[in-house]
There are 2 protein chains.
Amino acid sequence: MVHCLHRCLATFSPRRRFPLLKWVPKYSLHAFGYDTIAGLTVGLTVVPQALAYAQLAGLSVQFGLYSSIMGGFVYCLLGTSKDITLGPTAIMSALIAPLVHGDVVYATILAFLCGCVQLLLGLFQLGFIMDFISEPVIKGFTCAASLIICVTQVKNLLGLQDIPRQFFLLLYHIFAKLAETRPGDATLGFLCIIFLLLLKVIRCKVEDVDSLTVKIAKKITWLASTGRNVLVILAAALVSFAFSSFHLQPFVITGEVQPGLPTFHPPPFSEERNGTVITFSHIVQDLGTALLVIPLVGFMESIAIAKAFARDNKYPVDPSQELIAIGTTNIFGSFLSAFPVTGSFTRTAVNSQSGVCTPAGGLITGVLVLLSLQYLTPCFYYIPCAALASIIICSVAPVFDVFFIRDLWRVKKLNMLPFVLTFGLCFYEMQIGILVGVAMSLIIALYPLTQPTVMVCYTGPVVVLQPRGALLFLGAESFREVIQSKIRQVEPQLSVILDCSWLSSLDYTAVITLRELQAALQAQRLRLAFVALHADVLDVLLRADLPELRHFESVEQALSWMLGSQDTEYHLDVHSGI
Amino acid sequence: MVHCLHRCLATFSPRRRFPLLKWVPKYSLHAFGYDTIAGLTVGLTVVPQALAYAQLAGLSVQFGLYSSIMGGFVYCLLGTSKDITLGPTAIMSALIAPLVHGDVVYATILAFLCGCVQLLLGLFQLGFIMDFISEPVIKGFTCAASLIICVTQVKNLLGLQDIPRQFFLLLYHIFAKLAETRPGDATLGFLCIIFLLLLKVIRCKVEDVDSLTVKIAKKITWLASTGRNVLVILAAALVSFAFSSFHLQPFVITGEVQPGLPTFHPPPFSEERNGTVITFSHIVQDLGTALLVIPLVGFMESIAIAKAFARDNKYPVDPSQELIAIGTTNIFGSFLSAFPVTGSFTRTAVNSQSGVCTPAGGLITGVLVLLSLQYLTPCFYYIPCAALASIIICSVAPVFDVFFIRDLWRVKKLNMLPFVLTFGLCFYEMQIGILVGVAMSLIIALYPLTQPTVMVCYTGPVVVLQPRGALLFLGAESFREVIQSKIRQVEPQLSVILDCSWLSSLDYTAVITLRELQAALQAQRLRLAFVALHADVLDVLLRADLPELRHFESVEQALSWMLGSQDTEYHLDVHSGI
């Protein structure tokens, strides 16, 4: 606690809190050129993704764009990574969908509270809380999420209606209603997926060629590949528009989108629904543990991406400052009716590959989103839902990582347990999956503490025991039993020498146990001696006032005391300075 | 998991499951005499206590007696300790009071479910779950409980009416209504307390005398001291009866008590209240985490007492078998409309001092309770509530342990944190106090795992680092940062030798971290070598397919490889058998 407060106070500096103070003075026209290109490219990616992810979160498509505005502006001020772009992501949308039930007020309040939690964690330098989420839990969650998202989108791909949200019901209804597949949607959807895959593959292919003559062709395919989402949406919308000009509409389309920019106002802290007012405290209660899980998962996605790109591009990121940046983005986002946002892997990759130099690229992206809200909303009317579904599927399917599972199984089978638990329970409810996975990881980490290792070295008329590691309340009872069973094994019972050279720490419950052990031994006229206690452990024992604490430097000294040669006895006070 | 199942299957034996098979064949008339005396003495203690504790739980007094029946009979069959007596206790009553709201159906279902949880924990040998409750949490809870119980009883002692249950409201109302104190109740209550204290002190005094002539006097005072609760209740009831025969009643009295034995039937699994049916699942939801906390606290009280007396009287107790015994008692108890019971410290002490030889003493106690239910209920009408309150106060006040707090503060200040949290939150709600205390203890135990120790030994042109203890997901990030900061400190950056002779284990997340660390070093054309890996850790690393895993037996070998003398290079395959 004191440690946290100390760190919080010790590390404040304007240059740390406003990293743009570092790069703005050195900003050049050259950097501006690259940032503009990167910002535009990311903008072309974010607009179609935002529409799709809003739909995934169960909200109208414009809210996806509202959520994409703040990221660039705030991150430009506060962010420490040049590459990362904040905005709506598939996993976050899937995570909040069952919580907000299509209710914008809930989504906005969730963004606000999520931002507050992240900002506080960042200000108090509590980013290390992320360390509690182990790799198997993260992968269990992301694999399950990608599977759930893909299955959810199958219904849009096939144009199926009235499908519930809960995964297993959804799966059941998709199969039950397979006959109701709309041929138009299904055809368009699969064509879009094929188109997206081809454009992705082309890019990989082209990157292998390195001749000067194909440079322009390379640039065009790179642009087509990077902007493949826009191309697909554009093509699909044009087809849909063409049909509708003949008064035909074979696709389920997005429909009316509220045009114009969102108004800037604090998020509403209560809501009227069916005539009854739902208060803020009711909403908070309703969200429950989500108020811990959503901020952490959001940060987890963001920091993982930031660190990966920071490693590749060799610059440092500051986790606490990242928390502050993402928290502030979510708080201000909620003023624009945004839902919670986080770092997007695909867009960050696009940003980095476009040669972004500073977080200023985000400004360009933000402006592009604002322009599209102002002028493009009428065009969104014709976008087929199947095309949006194909974009979502193509972007989350690669998250399902089969190689990881093989690797995990091979390296450490015990760690499969949190993975399997998280993965399985996520299909029931994602939050529960994550929480149970974290709990299981912690239990696995705690287990060795409940079974302290005690090495036994019999040396004739006494037992020499060597406890290893920390002796805490978790293992105190087991320690007592081990010692007593060792003593009971021999007849007549033996005195005990505890060789504590491997004993790293001792808590109060363990001290009580040692006290009782000593009393039990004394009742049987047996002796207990300690050997080679570390200074801090000895200190704890001294303060515990053990009735007859005997401490020796070596097992030999303890032995000779036990065997009665009083001249070699070493009293505690002689050695208390060790 | 496998471990638990294995233990469960490996340890079944009739003699273990029915410990009476061990002592019945050897049972003697001599033992029967002692058991009878002890059983009767405990019976004289349990009857007044049962009435008082039922009142404390917010139920009619007869339910206390119903709860005292099963303990003796079941424990005689299944228990492993000769001394312990199961029945209603002050702390358990205080714990269930806010959950049952004076509703017998809730109390009975709670006893049933509590018994089921305990029985299952016992059958699966999961008694070690108790190890999660550290000494400071136990003491924080018991100290708070004793204070809460005493303050609760002040209202009965003073005869105050209409006082709410919640601690702070209760405290406020007691002060606000101090002027409404009924002189009759207050006088009687304080007289009873003085009387109880005197009888307790007398006994301590007499035990110092050791002359043959005072033997009979000693026996009488011992009896008076042991049976002081009965004497006080008897005297108070007589006074109350005398007043009422003059048509006066200066005391709040117990009033009508349902006479006769309880009927034996399964607990009701639903309830009608104000015309609406409360279903079983609703009751279970209502009880919530109490279904984990109550069984554990019950077992905690019982096993602590059993172990203490087993140590003094030198016989073994089997925690799992104790769980089975107490669970079965609660399940069968619920068939007699009992509330949850556990081991009682005062009555166990009385039992032991009366010279009990086997658990058969419980049978006599049970019969005495049945007789008092059959024939004495009319007498209970006159018992003043103030007298019952004085019994409760005198039995729980000594639980508040000031010396413990001093000792804890002196020995390990960090462990004050769970104590203070548990103690403080118990006044809000006991369950929350216990749960938060346990969580805080675990965090304190986990903290060292989040900060792995890495010792640094610079040896010229490379850095030799020595990680200590377990390297798990909790500390993986911190480990990476430590290593990278050590490398960054020097210019040009150095290759790294990890001396793993103190590294006890490695989980999957840590392996990932090492893999990334190695990649980062290789990208900078630096080398990473491992030294003295333990066999199981090496095994994990081998299966992890690190691109270039170099392992050496000693730092010297690793050094000479790094410094380029290729003739001393030791490839991995040479040493993989270590």
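Above this text sits the structure in question.
A few points on the structure. It should be emphasised that the depicted structure is a prediction, and the values quoted were computed from it without experimental measurement.

Check the secondary structure of chain A and you find 27 helices and 10 strands. Over its C-alpha atoms chain A spans a radius of gyration of 31 Å, topping by over 25% the 25 Å that the globule rule assigns to 578 residues. If you line up chain A on its principal axes, its C-alpha atoms span 110 × 60 × 60 Å. Counting only residues that meet the buried cut, chain A has 55% of its 578 residues in that class. Of all intrachain contacts in chain A linking residues separated by at least 6 positions in sequence, the fraction that spans at least 24 positions is 79%. Summing over all exposed atoms, chain A offers an accessible surface of approximately 25100 Å²; the carbon and sulfur share of this is 68%.

Now for helix H16 (residues 345–353) of chain A. All names here are of chain A. Buried within H16 we find Arg347, Thr348, Ala349, Val350, Asn351 and Ser352. Those residues of H16 that are buried lie in contact with helix H4 (29–56), strand S1 (86–87), helix H11 (215–226) and helix H14 (290–313). Among the residues trailing H16, glycine 355 stands out with phi positive, at a value near 80°.

Once the charged atoms of two side chains with opposite charge are near each other, the side chains can pair. Under the defined criterion, the tally for this structure stands at 22 salt bridges over all chains. In this structure, aspartate 83 of chain A and lysine 82 of chain A form a salt bridge, with 2.9 Å as the shortest nitrogen-oxygen distance. Given the relative accessible area of 0%, aspartate 83 of chain A is considered buried. The class for lysine 82 of chain A is partly exposed, based on a relative accessible area of 21%. Of the charged contacts in the structure, one is a salt bridge between arginine 410 of chain B and aspartate 545 of chain A, with a shortest N-O distance of 3.4 Å.

The description of two helices packed together rests on the angle between their axes and the distance between the axes. Residues and elements named next belong to chain A. Contact pair H4 / helix H5 (residues 62–78): the axes reach a minimum separation of 7 Å and the direction vectors enclose 125°. Between H4 and H5, the interaxial angle falls into the category oblique. Here the hand of the crossing between H4 and H5 comes out right-handed. Between H4, through Val46, Val47, Ala50, Leu51 and Ala54, and H5, the contact on the second element is made entirely by Phe63, Gly64, Leu65 and Ser68.

We now examine empty space enclosed by the protein. Over the atoms, a rolled probe matching the size of one water molecule traces out where space is still vacant. Tallied over the entire structure, the rule returns three cavities of 30 Å³ or more. Roughly 140 Å³ of internal volume is contained in the largest cavity. Every residue lining the largest cavity is counted, 20 residues in all, and those nearest its centre are Gly72, Ile84, Thr85, Leu86 and Gly362 of chain B. Among the secondary structure elements, those contributing two or more residues to the lining of the largest cavity are helix H4 (29–56), helix H5 (62–78), helix H16 (345–353) and helix H17 (361–375) of chain B. By volume, the second largest cavity amounts to about 120 Å³. Together, 16 residues line the second largest cavity, and Gly72, Ile84, Thr85, Leu86 and Gly362 of chain A are the ones closest to its centre. Within the residue set of the lining of the second largest cavity, elements represented by two or more residues are H4, H5, H16 and helix H17 (361–375) of chain A. Sorting elements by how many residues they give to the lining of the second largest cavity places H5 of chain A first, with four residues.

The next thing to look at is the nonpolar core. One finds Phe141 and Ile294 of chain A together with Phe141 of chain B to be the most contacted residues of the largest nonpolar core, which totals 237 residues. In this view, isoleucine 294 of chain A contacts Met92, Leu95, Ile96, Leu99, Leu110, Cys114 and Pro340 of chain A; residues no more than four positions away in its chain are not counted.

In this complex, chain A contributes 40 residues to the contact, which on the side of chain B involves 40 residues. For the pair chain A and chain B, the summed buried surface comes to about 4100 Å²; carbon and sulfur atoms form 61% of the total. Contact with chain B buries area across many residues of chain A, yet Val411, Phe473 and Tyr508 of chain A alone supply 18% of it, more than any other trio. Along the contact surface separating chain A from chain B lie six salt bridges. Measuring nitrogen to oxygen at the nearest pair gives 2.7 Å for the salt bridge that ties glutamate 477 of chain B to lysine 307 of chain A. Summed over the shared surface of chain A and chain B, the result is 18 residue pairs in polar contact (both at pLDDT 80 or more).

On to the relation of the copies chain A and chain B, then. Here chain A sits on chain B after a turn of 180° about the axis and a move of 0.0 Å along it, with an RMSD of 0.0 Å. Taken together, the rotation and translation describe the operation of a two-fold axis. Taken together, the interface assignments show that 100% of the residues at the interface of chain A recur at the interface of chain B, consistent with an identical surface on both copies.

Rules of the game
- Residues numbered from 1 in each chain as written.
- Chains lettered and ligands numbered in written order.
- Predicted model: local features only at pLDDT ≥ 70, side-chain atom pairs only at ≥ 80, totals over all residues.
- Heavy atoms only, no water.
- Helix = DSSP H or I, 4+ residues; strand = E, 2+ residues; numbered from the N terminus.
- Rg over C-alpha atoms; globule rule 2.2 N^0.38 Å.
- Buried < 20%, exposed > 50% of the residue type's maximum accessible area, 1.4 Å probe, protein only.
- Contact = heavy atoms within 4.5 Å.
- Areas by Shrake-Rupley, 256 points an atom, 1.4 Å probe, with all protein chains shown as cover.
- Salt bridge = Lys/Arg side-chain N within 4 Å of Asp/Glu carboxyl O.
- Axes fitted to C-alpha atoms, helices over the stretch in contact; angles between N-to-C directions.
- Parallel < 35°, antiparallel > 145°, perpendicular 65-115°, else oblique.
- Left-handed = near helix turned anticlockwise from the far one by under 90°.
- 1 Å grid on protein atoms, 1.4 Å probe; cavity = no way out; pocket = protein on both sides within 12 Å on 5 of 7 lines; lining within 4 Å.
- Points joined across faces, edges and corners; volume = space filled by probe spheres on them.
- Core = buried A, V, L, I, M, F, W, Y, C linked by side-chain atoms within 4.5 Å.
- Buried area = accessible area lost by both parts, 1.4 Å probe.
- Polar contact = N/O pair within 3.5 Å; in protein donor to acceptor, adjacent residues only side chain to side chain.
- Least-squares fit on C-alpha atoms with pLDDT ≥ 70 in both.

Interpretation in functional terms is not warranted from these geometric data alone.
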